[in-house]
Amino acid sequence: MASTANKPAPGKKTGSSRKRQNTHEGFLTHNRMYWAKLSGGLALALILLYIFVPLPGTHFGSSWLGYTLGTIGALMILWLTMLGMRKRAITPGRWSLKAWTSAHVYLGMLVTVVGTLHSGFYFGWNVHTLAWALMLLVVGSGIFGIYAYATLPRALSANRYDEEGAITEKQMIEALRSLDRQIHDAAQPLDAQAAVLVGQSLEQDPFGGTIWNRVTGNYPNCATRHAINELRALRASRQRTKDDLLGKIDAQLTRKESMLERLRQHLKLKSWLQAWLYIHVPVTFALIAALSAHVVSVFFYW
């Protein structure tokens, strides 16, 4: 008889099942939102300190509290920039990449409170306000990045599925090329007017357009859509033939337009998933430069 000594009690979760559950825990809720609670508590404490601690003269950065908050904020910003290097090392435990990312997000939000209190709400057209504004832009783009990673992968996955199953980006492109070959062969008997319209659809680069077209998914100069509308007008003005060649071309172009819309939606979602980094990373370097200028000007010229 097999021993039951090592079997878990009914309803009791094993260590492996607990481990699997922790694996699926997101960085925003990591460790029961430890970093969110810590950052929120620190933000509240700093705001109360700013309001109720009496300071000689002013709350501006020249006070002891201002210098303290400025030093803390600068060190936090430098630490936050280390996430890119931290991603190259994968370690478990308290300082796992997930924990580090969770701390990066919530401490990044906290630094806006620290920086604003450090300024004493005194803003002007100077390098000090520039550093503060760049800090807000970095944090704002980071928040958009969180939203993107929380929602867009699901939308990307949904866009890949239809009644025939999943399709990859490569398969979308191959399907477009296959449709173009079919349309090209079917359009050979067309008259010159209709052939020109079909040719415009075949010649247009599906990846063409501006960056704005890519990120919005809006292509007002789509040759395929134009060809469909014009061919339908021609078909309506002409007497129907037995083979109805224009009708067959119209059906094929409609299938192509549907695949184009799917591919363009795919590229749009990928662009949004990556575009925020093109703001977040360069502005972070600009922030460090402005922060350095701010520190130098304070200690050497004020």
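Residues numbered from 1 in each chain as written. Predicted model: local features only at pLDDT ≥ 70, side-chain atom pairs only at ≥ 80, totals over all residues. Heavy atoms only, no water.

**Considerations on the overall build of the chain**
Here is step 1: Assigned secondary structure in the chain consists of twelve helices and two strands.
Here is step 2: Tracing the chain from N to C terminus, the helices and strands come up as α-α-α-α-α-α-β-β-α-α-α-α-α-α.
Here is step 3: Evaluated residue by residue, the chain yields a buried proportion of 37% over its 302 residues.
Here is step 4: Considering only contacts within the chain whose residues lie at least 6 apart along the sequence, 76% involve residues at least 24 apart.
Here is step 5: Of the roughly 19100 Å² of accessible surface on the chain, a fraction of 63% belongs to carbon and sulfur atoms. (Helix = DSSP H or I, 4+ residues; strand = E, 2+ residues; numbered from the N terminus. Buried < 20%, exposed > 50% of the residue type's maximum accessible area, 1.4 Å probe, protein only. Contact = heavy atoms within 4.5 Å. Areas by Shrake-Rupley, 256 points an atom, 1.4 Å probe, with all protein chains shown as cover.)

**Considering the pattern of salt bridges**
When the charged atoms of two side chains lie near each other, side chains of opposite charge can form a pair.
Here is step 1: Applying the stated criterion across every chain, the model contains six salt bridges.
Here is step 2: Of the charged contacts, one joins Arg225 and Glu257 as a salt bridge, the two residues approaching to 3.4 Å between their closest N and O atoms. Here the residue Arg225 occupies a position in helix α10 (residues 223-237), and Glu257 occupies one in helix α11 (residues 245-275), the gap between them amounting to 32 residues.
Here is step 3: You can call Arg225 partly exposed: its relative accessible area is 27%. (Salt bridge = Lys/Arg side-chain N within 4 Å of Asp/Glu carboxyl O.)

**What to know about the side chain of Thr116**
Here is step 1: Within the element layout of this structure, Thr116 appears in helix α5 (residues 97-119).
Here is step 2: Among all residues touching Thr116, those that are not within four sequence positions of it are Phe121 and Trp132.

**Considerations on the side chain of His30**
Here is step 1: For His30, the position within the fold is in helix α2 (residues 30-52).
Here is step 2: The residues touching His30, leaving out its near neighbours within four places in the chain, are Glu25, Ser96, Lys98, Ala99 and Ser102.

**Description of the confidence of the model for the chain**
Here is step 1: Predicted confidence across the chain gives a mean pLDDT of 84, with 85% of residues reaching 70 or more.
Here is step 2: Low pLDDT, under 50, characterises residues 1-6; the predicted model gives this stretch zero contacts beyond four residues in sequence or across chains.
Here is step 3: Contacts of residues 11-23 to residues separated by more than four positions or lying in other chains number five contacts, the stretch itself having pLDDT below 50. (pLDDT = per-residue confidence, 0-100.)

**Section: the packing of aromatic side chains**
Here is step 1: Inspection of the entire model under this criterion finds seven aromatic pairs.
Here is step 2: The interplanar angle of 80 degrees and the centroid separation of 5.2 Å between the aromatic rings of Tyr34 and Trp35 together place this pair among those described as edge-to-face.
Here is step 3: With relative accessibility at 14%, the residue Trp35 sits in the buried group.
Here is step 4: Where Tyr149 meets Trp276, the ring centres are 6.1 Å apart and the plane angle is 90 degrees; that geometry is what we call edge-to-face. With a gap of 127 residues between them, Tyr149 in helix α6 (residues 127-160) and Trp276 in the loop between α11 and α12 (277-301) connect regions that are remote in the sequence. (Phe/Tyr/Trp six-rings, centres within 6.5 Å; stacked < 30°, edge-to-face > 60°.)

**A word on the environment of Val138**
Here is step 1: Here Val138 lies in helix α6.
Here is step 2: Sequence-wise, Val138 and Leu287 are 149 residues apart; in three dimensions their C-alpha atoms are separated by 8.1 Å.
Here is step 3: Apart from residues no more than four positions distant in its own chain, Val138 is found in contact with His280, Val283, Thr284 and Leu287.

**Things to note about the packing of helix α7 (residues 169-186) against α11**
Here is step 1: Contact geometry of α7 with α11 gives a least axis separation of 10 Å together with a crossing angle of 160 degrees. Taken together, α7 and α11 sit at an angle that is classed as roughly antiparallel. Of the two possible hands of crossing, α7 and α11 adopt the one that is left-handed.
Here is step 2: Split into classes, the residues belonging to the contact of α7 with α11 amount to 14 nonpolar, three polar and six charged. (Axes fitted to C-alpha atoms, helices over the stretch in contact; angles between N-to-C directions. Parallel < 35°, antiparallel > 145°, perpendicular 65-115°, else oblique. Left-handed = near helix turned anticlockwise from the far one by under 90°. Nonpolar A, V, L, I, M, F, W, Y, C, P; charged D, E, K, R; others polar.)

**What to know about the packing of α5 against α6**
Here is step 1: The N-to-C vectors of α5 and α6 enclose an angle of 155 degrees; their axes lie 10 Å apart at closest approach. By the criterion of interaxial angle, the relationship of α5 to α6 is roughly antiparallel. Here α5 runs over α6; the crossing is left-handed. In this structure, α5 uses Val105, Gly108, Met109, Val111, Thr112, Gly115 and Thr116 to contact α6, whose residues at the interface are Trp132, Met135, Leu136, Val139, Ile143 and Ile146.
Here is step 2: Along the lines of polarity and charge, the residues of the contact of α5 with α6 split into nine nonpolar, four polar and no charged.

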